[in-house]
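Close look at the chain arrangement
Letter by letter, the chains look like this.
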Amino acid sequence: MKCKIKVALVDDQVMFRKTLYNYLSQQESIDVIFQASDVSDLESKLKHSTVDVLVMDLFMPEVVG
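Only a predicted model underlies this, so the values are computations on that prediction, with no experimental measurement involved.

Here the focus is the overall build of the protein. Per the secondary structure count, the protein includes 2 helices and 5 strands. Start at the N end of the protein and walk to the C end: the helices and strands fall as β-α-β-α-β-β-β. Compactness check: the protein gives a C-alpha radius of gyration of 12 Å against a globular reference of 11 Å for 65 residues, within 12% of the reference. Summarising its shape, the C-alpha atoms of the protein cover approximately 40 × 25 × 15 Å along the three principal directions.

Structurally, the position occupied by Ala-36 is in strand β2 (residues 30-36). For the pair Ala-36 and Met-56, spaced 20 residues apart in sequence, the C-alpha separation works out to 9.2 Å. Apart from the residues within four sequence positions on either side, Ala-36 is in contact with Leu-9, Val-10, Asp-11, Arg-17, Asp-41, Leu-42 and Lys-45.

The 3 strands are arranged β2-β1-β3 in an open sheet whose pairing can be described as parallel. Looking at the sheet topology across the chains shown, the edges are occupied by β2 and β3 (53-56). Neighbour-to-neighbour, the strand axes of this sheet turn through a mean angle of 25°, independent of strand direction. Against the sheet, helix α1 (residues 14-25) makes contact with β1 (5-10), β2 and β3, and its axis sits at roughly 165° relative to β2, the strand it touches most. Packed onto the sheet, helix α2 (residues 39-46) meets β1, β2 and β3 and runs at close to 130° relative to β2.

Calculation criteria
Residues numbered from 1 in each chain as written. Predicted model: local features only at pLDDT ≥ 70, side-chain atom pairs only at ≥ 80, totals over all residues. Heavy atoms only, no water. Helix = DSSP H or I, 4+ residues; strand = E, 2+ residues; numbered from the N terminus. Rg over C-alpha atoms; globule rule 2.2 N^0.38 Å. Contact = heavy atoms within 4.5 Å. Pairing = 2+ DSSP bridges. Axes fitted to C-alpha atoms, helices over the stretch in contact; angles between N-to-C directions.

What follows is the structure in C-alpha cells.
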C-alpha cells in the first residue's frame, strides 16, 4: 500500500475550496486531511493533525503573503 500525501486546504472562498477538495479527493494518492476558511481556523486544526502539503490562498482578509 502506498502512503497517501496528506493535504490541507485553506481559502476564504468556499466555492473554490470545495471544488479543489472534490478534485483532490478523487486522486488515489491524496488524502485531504482538513479544510480551513482562515488563518485562525488553520492554526487550531494544525494543533491536532499534521500535513505534508498546505494549499493556501495568499491573499485572505487576515493575512497577505
